[in-house]
Amino acid sequence: MHMIYGNRVVRREDVRISPLDRGYYFGDGVYEVIRVYAGRLFEADAHFRRLARSAEGIGLKPPIATNELRGLIDRLLALDGVTDGTVYLQMTRGVAPRTHAFPSAAEPVVVGWADPYERPVAAMEQGVRVVTVADIRWLRCDLKTLNLLPNVLARQQAVERGAAEAVLHRDGVVTEASAANVMIVKNGIIRTHPADHRILRGVTRDVVLRLACGLGIAAEETPFTVDELYAADEAFLTGTTVEIMPIVEADGRPIGDGRPGPVVRRLQRAFAELLPET
Ligand code: PDD
């Protein structure tokens, strides 16, 4: 198995990460997760645009051009034989003595790897349970940074309560989930939190909003509350790993009739048509 390491692809055991990397002790870095379907990156341009935006948002100058990075990913996928999976990319500010302000001489460190991953077909068919958890994150959730401890703790709460995902809320207003965006359907209209600093603007979220538009399903980027989630006709998660995942229960209450509804089904079908033939 291999890894992207700087501007090379090397064997995983040849990667040398220093404990003095600021990513390690400050979480000072950004990342992306990209899906690979039939050997092709899904929505690659959108992911690379967001990576550049996240890096810029924390004042990190990428040490590698996007084209070069894409070339490395192609090599990585070929070497590890990953045709259906995920690519994880991470850029940290680099190795420096531990002082908070940016170091003058650190070189950003880029790593990346690919893992096989299968579409979560059964869960997408049956839907998943979620719990709601207070969103205690900072106010730059629009940047995909490594500081995921609140997300980790929220997801852990979900798992301990027998749910697949934690839906986050600020004072009762649903923002997103620990690793996905959240949408509800009420009276045929999709609603999802606006793409401001409180949420990550998901690549899948954008795809779904485009699909909805094409299918003639109205969609509004307006916030909704936890109570509106409980009372929704349908609800679903969107994300690189979960794709379009129906939510059938929130905090033990069934959503709609407790089964994936017609809007989410239509969106799932339309999404599947975007994927390359396998
Ligand atoms: N997370 N919101 C958060 C907080 C996320 O971490 C993610 C994805 C999303 C969905 O974004 P996208 O559709 O671009 O994947 C929304 C990745 C998969 C992760 O951290 O594993």
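This text gives an overview of the structure that appears in the document.

1. As for the environment of V173
Examined against the element boundaries, V173 turns out to sit in strand β9 (residues 173–177). Overall, the relative accessible area of 28% leaves V173 in the partly exposed class. Separated by 81 residues in the primary sequence, V173 and P254 have C-alpha atoms spaced 19 Å apart. Once you skip the residues sitting within four places of it in the chain, V173 turns out to touch L168, H193, P223, F224 and T225.

2. Regarding the pattern of salt bridges
Summed over the entire model, instances satisfying the criterion amount to 25 salt bridges. For R35, the salt bridge is made with E243, and the minimal N-O distance between the two is 3.0 Å. Of this pair, R35 sits in strand β3 (residues 29–37) while E243 sits in strand β14 (residues 243–250); the two residues are 208 residues apart in sequence, bridging distant segments of the chain. The same class applies to R35 and to E243, which are both buried. In this structure, D233 and K186 form a salt bridge, with 3.7 Å as the shortest nitrogen-oxygen distance. Pair noted here: D233 is in the loop between α7 (226–230) and β13 (234–239) and K186 is in strand β10 (residues 181–186), with a separation of 47 residues, a long-range link. Overall, the relative accessible area of 33% leaves K186 in the partly exposed class. Each of D135, R137, R170 and E176 takes part in a single network of salt bridges with overlapping partners.

3. Some remarks on the nonpolar core
I4, L41 and L89 are the most contacted members of the largest nonpolar core, which has 25 residues in total. Only β3, α2 (44–57), α3 (66–80), β5 (85–92) and β6 (109–116) provide two or more residues apiece to this core. By residue number, the principal contributor to this core is α3, which donates five residues. Ignoring anything within four residues of it in the chain, the contact list for L89 reads I4, V30, Y31, E32, I34, F48, L51, L69, I73, V111 and G112. With 21 residues, the next largest nonpolar core counts M124, A232, L237 and M245 among its residues.

4. What about helix α8 (residues 262–274)?
Compared with an ideal rise of 1.5 Å per residue, which puts 13 residues at 18 Å, α8 spans 19 Å between its outermost C-alpha atoms and is within 8% of the ideal. Within α8 the residues assigned to the buried category are V263, V264, L267, Q268, A270 and F271.

The rules behind each value
Residues numbered from 1 in each chain as written. Predicted model: local features only at pLDDT ≥ 70, side-chain atom pairs only at ≥ 80, totals over all residues. Heavy atoms only, no water. Helix = DSSP H or I, 4+ residues; strand = E, 2+ residues; numbered from the N terminus. Buried < 20%, exposed > 50% of the residue type's maximum accessible area, 1.4 Å probe, protein only. Contact = heavy atoms within 4.5 Å. Salt bridge = Lys/Arg side-chain N within 4 Å of Asp/Glu carboxyl O. Core = buried A, V, L, I, M, F, W, Y, C linked by side-chain atoms within 4.5 Å. Expected span 1.5 Å × (residues − 1).

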